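# Chains, contacts and geometry: an overview
The primary structure of each chain is shown beneath.
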Amino acid sequence: MSFTDKTGFASDPEKQDNVDVQTGVHDMAAVGLQGQPLERQLKSRHIQMISIGGVIGTGLFLGTANALRHGGPLGLLLGYMTMGSITYSIMVALGEMIAHLPLPGGHITLAQRFVDPAFSFMMGWNYWYNWTIVLPAELNAAAVLIGYWNDTVNPAAWITICLVVAVAINFGGTRAYGEMEFWFAIIKVLTISGLIILGIVLSAGGGPDHKTIGFRFWHNPGPFVQYLGIEGSKGRFLGYWAVLTQAAFSYIGTEIVAIAAGEAKNPKKNLPKAIKRVYIRILLFYILGTFIIGLLVSSSDKRLALGTGTAVSSPFVIAINNSGIKVLPSLINACLLTSAWSAASSDLYTSSRALYGLAANGNAPKIFTRVNSWGLPYVAVITGSLFALLSFMSAGAAKAGEVFNWFANMTSVCGLITWAGIVYTYIRFHKGLKLQGIDRNSLPYKAPLQPYLSYYALVFCCIILFFNGWTVFFQYDGKNFDHATFWTSYIPIILLPFTYFGYKFSKRVRTPNYDSMDFFSGSRDTEEEEESAPKGFIQKAWAAIM
């Protein structure tokens, strides 16, 4: 039985779902949005791989180097486990909302409906900034990765090539983006799966040197690192906390699937399917991956601190070099390059859809809702592409590169702010359902242990945000204060009340009452084309995991 049937709401797809059953396009005005509609072109396999692509990134391949150096093998594992539980809590909350209301703009539109327009304005521009600035940062990362093979060519040349690829993919339309992300994500899955298997083999003594590693590095130098040389439990806890902060930044991006929901086919089935398997991916890729890393490399290995941005500083590559395998580092660097390309393409897609969502909710000029004949918000994509030119700052003068890095560092904080906003929106969504007497069992997807998981995630996100720049104060000697780190850690947080209350008072908007929340317009109750079921053991196993 459909959601609308159970609540006594008519289920005529052409009148109440506000959706063209042929194209899957929303009647924008009927769901409280402005501008021209997007088209639903993303198939189930695209949605699955977009959600995977958000989980697996360079944070797992490269970011774990600093995390291991700061926390030790057990600190690394505990930090990623803790952050994995927070990520899961956020994703199931988001999944419940977006599976029922797969609206353009994702959580930006949901914030408009269930919190207030000022909150949506704050969340939307924070999110747009996040992914608009991450894009040139990823392009720069791709140029650095290519420099692993050839450092004689000006990085600007590689940035140009990577930018053209990312822009071409996005101008190919939603279907082209979904198809490319599908194959990019497969490369990521195969890479991390291969590295985990290789790590197990090397740990057991199966490498060319035939040396068994086992838990050697858990005994010497030990499971934890005494952070900054601080002895006792205090130093060990600070090491764990440093890992937790790094892990938070590695997981950011898992929520991209919500932005894609407005262009997903059959979202009532495909989105819950993607959300339900998030925990499997976190366990398989991050938890198992960090455990293997802790076995393979000593936390005191100086190569972890190289910070080259290439495969050289990856814990997996360090272990491979230790075992005497010669060819694999270049292969891994190539896989990392495809990961950076994938990230750049996703960043442009996400920033353009965030800008489209802002405009659709009346929080940005309406021109950004313009779409072409195949549903591409081309004005928003062009705008994101122009901001990508900031990547050339990091390839130019040292001072310009330093300034750009300050902007890029702030995006990590913006990601955590987005997460906190998502779970706060869900808390109000959950309470509104309860007060209106709507049974959550009638939703396409019911998140487990709610609203408790959302409160848990909200509290931890706020704590991590508050303490994310703690090293500035801890290392202050009374003379030299790290102003750059302080401002990049806290200026996005400081700006929040100004953007929220500035909009709220200037527009005189009110927070909607729980009994007036709209849970119906834009909900999907139409059945669309069914994709063929997996056949054979291999296809079924792949479908179960992915």
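Cut-offs applied
- Residues numbered from 1 in each chain as written.
- Predicted model: local features only at pLDDT ≥ 70, side-chain atom pairs only at ≥ 80, totals over all residues.
- Heavy atoms only, no water.
- Core = buried A, V, L, I, M, F, W, Y, C linked by side-chain atoms within 4.5 Å.
- Buried < 20%, exposed > 50% of the residue type's maximum accessible area, 1.4 Å probe, protein only.
- Helix = DSSP H or I, 4+ residues; strand = E, 2+ residues; numbered from the N terminus.
- Contact = heavy atoms within 4.5 Å.
- Expected span 1.5 Å × (residues − 1).
- Polar contact = N/O pair within 3.5 Å; in protein donor to acceptor, adjacent residues only side chain to side chain.
- Phe/Tyr/Trp six-rings, centres within 6.5 Å; stacked < 30°, edge-to-face > 60°.
- Axes fitted to C-alpha atoms, helices over the stretch in contact; angles between N-to-C directions.
- Parallel < 35°, antiparallel > 145°, perpendicular 65-115°, else oblique.
- Left-handed = near helix turned anticlockwise from the far one by under 90°.
- Salt bridge = Lys/Arg side-chain N within 4 Å of Asp/Glu carboxyl O.

Attention shifts here to the nonpolar core. Grouped together as the largest cluster of nonpolar side chains are 156 residues, with contacts concentrated most on Met 83 and Tyr 251. It is helix 3 (residues 58–100) that contributes the most residues to this core, 19 residues altogether. If sequence neighbours within four positions are ignored, Met 83 has contacts with Leu 244, Ala 247, Ala 248, Tyr 251, Trp 419 and Ile 464.

Bringing helix 5 (residues 117–146) into the picture now. The end-to-end C-alpha distance of helix 5 is 44 Å, a good match for the 44 Å that 30 residues give at a rise of 1.5 Å each. Summarising burial for helix 5: 25 of the 30 residues are buried, a large majority. Capping the start of helix 5 is the job of one residue whose side-chain oxygen sits 3.2 Å from the backbone nitrogen of Ala 118: Asp 116.

The subject of this paragraph is the packing of aromatic side chains. All told, the structure shown has 28 aromatic pairs when counted by the stated rule. When the ring of Trp 125 is compared with that of Trp 128, the centres are 5.4 Å apart and the planes differ by 80°; the resulting orientation is edge-to-face. Highlighted residues: Trp 125 and Trp 128, both in helix 5, separated by three residues, approximately one helical turn. Under the relative-accessibility criterion, Trp 125 is labelled partly exposed at 27%. Cluster of aromatic residues (ring-pair linked, three or more members): Phe 119, Tyr 424, Tyr 500, Phe 501 and Phe 505.

Further remarks concern the packing of helix 12 (residues 278–296) against helix 13 (residues 315–323). Where helix 12 contacts helix 13, the axes come no closer than 10 Å and their chain directions differ by 40°. The orientation of helix 12 with respect to helix 13, classified from their angle, is oblique. Relative to helix 13, helix 12 is oriented so that their crossing is left-handed. Along its contact with helix 12, which presents Gly 289, Ile 292, Ile 293 and Leu 296, the element helix 13 presents Pro 315, Phe 316 and Ala 319.

Counted by the stated rule, this structure contains four salt bridges. Between Arg 440 and Glu 96 there is a salt bridge, with the nearest N and O atoms lying 2.7 Å from each other. With a gap of 344 residues between them, Arg 440 in the loop between helix 17 (398–435) and helix 18 (452–467) and Glu 96 in helix 3 connect regions that are remote in the sequence. On the accessibility criterion, Glu 96 (0% relative accessible area) is buried. Put simply, Asp 116 and Lys 504 hold a salt bridge, and the shortest N to O gap is 2.9 Å. Linking Asp 116 in the loop between helix 4 (107–114) and helix 5 with Lys 504 in helix 20 (residues 483–507), this pair joins segments that are 388 residues apart in sequence. Classification of Lys 504 as buried rests on a relative accessible area of 16%.

Turning next to helix 14 (residues 328–360). An ideal rise of 1.5 Å per residue puts 48 Å on 33 residues; helix 14 measures up with 47 Å between its terminal C-alpha atoms. Among the 33 residues of helix 14, 28 are classified as buried, and the element is accordingly described as predominantly covered. Following helix 14 by one or two positions, Gly 362 adopts a phi angle in the positive range, close to 80°.

Another aspect to go through is the packing of helix 13 against helix 14. The interhelical angle for the contact between helix 13 and helix 14, taken along N-to-C directions, is 165°, at an axis separation of 10 Å. By the angle between their axes, helix 13 is roughly antiparallel relative to helix 14. The handedness of the crossing between helix 13 and helix 14 is right-handed. Where helix 13 abuts helix 14, its residues Val 317, Ile 320 and Asn 321 lie against Leu 328, Pro 329 and Ile 332.

So, about the environment of Ala 111. You can see Ala 111 is positioned in helix 4. Given the relative accessible area of 0%, Ala 111 is considered buried. Each C-alpha atom, one on Ala 111 and one on Tyr 424, is 8.9 Å from the other, the two residues being 313 residues apart in sequence. The contacts of Ala 111, once residues within four sequence positions are left out, are Asp 116, Phe 119, Ser 120 and Thr 425.

Most peptide bonds take the trans configuration, and most residues that are not glycine carry a negative phi. With omega at 20°, the peptide bond leading from Asn 220 into Pro 221 counts as cis. If you trace the backbone, Pro 221 turns up in the loop between helix 8 (216–219) and helix 9 (232–251). Going from Gln 450 to Pro 451, the amide bond is cis rather than trans, its omega being 10°. One can find Pro 451 in the loop between helix 17 and helix 18. Positive phi values are uncommon outside glycine, yet Leu 228 reaches one of about 55°. One can find Leu 228 in the loop between helix 8 and helix 9. Here Leu 228 falls in the partly exposed class, since its relative accessible area comes to 44%.

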